[in-house]
Amino acid sequence: MRKYFLLSAVALLATTTANATTDYAEVTARATIEVANTLNCTPNEFGWHIVVKQNNSDILITINQSGIVSNSSDFISLSEIDGLDGATTTACFFVEGADINIPDTIALKNGTKEVVLTPVLLPMGNMLFFAGDISIPANITAGDYIGTFTISQTY
């Protein structure tokens, strides 16, 4: 009898569900999307025609409110690029008190070669002009070095 009792108990346990607890949660996902206005920068393309000596060493050119400065004897000249109408810089109109965001460095590339612009914004009235340092590596090759970047303001 004991044997039938044990078999019955095992069969009863096998057919009943365990006392399991199921937990659940309802979760809300949310995305806030902000559409940026267009920032007014004139012109939106600027650059320089830079002349350096062949087999140059590393060159650092600084463009600031005082003008163009380089202590390298391998630097010859810097002027506007033909067709950009004197656009050696760009001016952007910003909201007073806005947080201005620009990259720390901007890579200007030509294939695997790279010139680096470290931008600085110079305030003039309600405009900011781009200036900064241009780093040219040793033994640079002639060509167009181009890079794009994003400027933004938060207010």
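Reference entry: report on the structure contained in this document. (Residues numbered from 1 in each chain as written. Predicted model: local features only at pLDDT ≥ 70, side-chain atom pairs only at ≥ 80, totals over all residues. Heavy atoms only, no water.)

Re the state of the cysteines
(1) Moving on: According to the stated counting rule, one finds one disulfide in the structure shown.
(2) Moving on: Across the disulfide from C41 sits C92; the S-S distance is 2.0 Å. Across the S-S bond linking C41 and C92, the dihedral sits near 110°, which makes this disulfide right-handed. Here C41 is found in strand β1 (residues 41-42), whereas its partner C92 is found in strand β6 (residues 91-93), with 51 residues between them in sequence.
(3) Moving on: By relative accessible area, C41 is classed as buried at 19%. (Disulfide = S-S within 2.5 Å. Helix = DSSP H or I, 4+ residues; strand = E, 2+ residues; numbered from the N terminus. Buried < 20%, exposed > 50% of the residue type's maximum accessible area, 1.4 Å probe, protein only.)

A few points about unusual backbone geometry
(1) Moving on: One non-glycine residue, N55, adopts positive backbone phi at about 60°.
(2) Moving on: Take N55: its relative accessible area is 61%, and that puts it in the exposed class.
(3) Moving on: Residue N139 is not a glycine yet carries a positive backbone phi of 55°.
(4) Moving on: Considering the arrangement of structural elements, one finds N139 in the loop between β10 (127-136) and β11 (152-154).
(5) Moving on: Given a relative accessible area of 41%, N139 falls into the partly exposed group.

Comments concerning the pattern of salt bridges
(1) Moving on: Scanning the entire structure with this criterion turns up one salt bridge.
(2) Moving on: The partner of K109 in a salt bridge is E114, and the shortest N-O contact between them spans 3.9 Å.
(3) Moving on: K109 sits in the partly exposed class, given a relative accessible area of 45%.
(4) Moving on: On the basis of relative accessible area, E114 is assigned to the partly exposed category, the value being 33%. (Salt bridge = Lys/Arg side-chain N within 4 Å of Asp/Glu carboxyl O.)

Digging into the pairing of strand β8 (residues 106-110)
On a regular strand, each side chain points to the face opposite its neighbour's, so the side chains alternate between the two faces of the sheet.
(1) Moving on: Two elements, β8 and strand β9 (residues 113-124), share five bridges in a ladder whose sense is antiparallel. Its bridge partner being in β9, K109 is matched across the sheet by E114.
(2) Moving on: Counting the residues in the hairpin turn of β8 and β9 gives two residues, including G111, whose phi is positive at 65°. (Pairing = 2+ DSSP bridges.)

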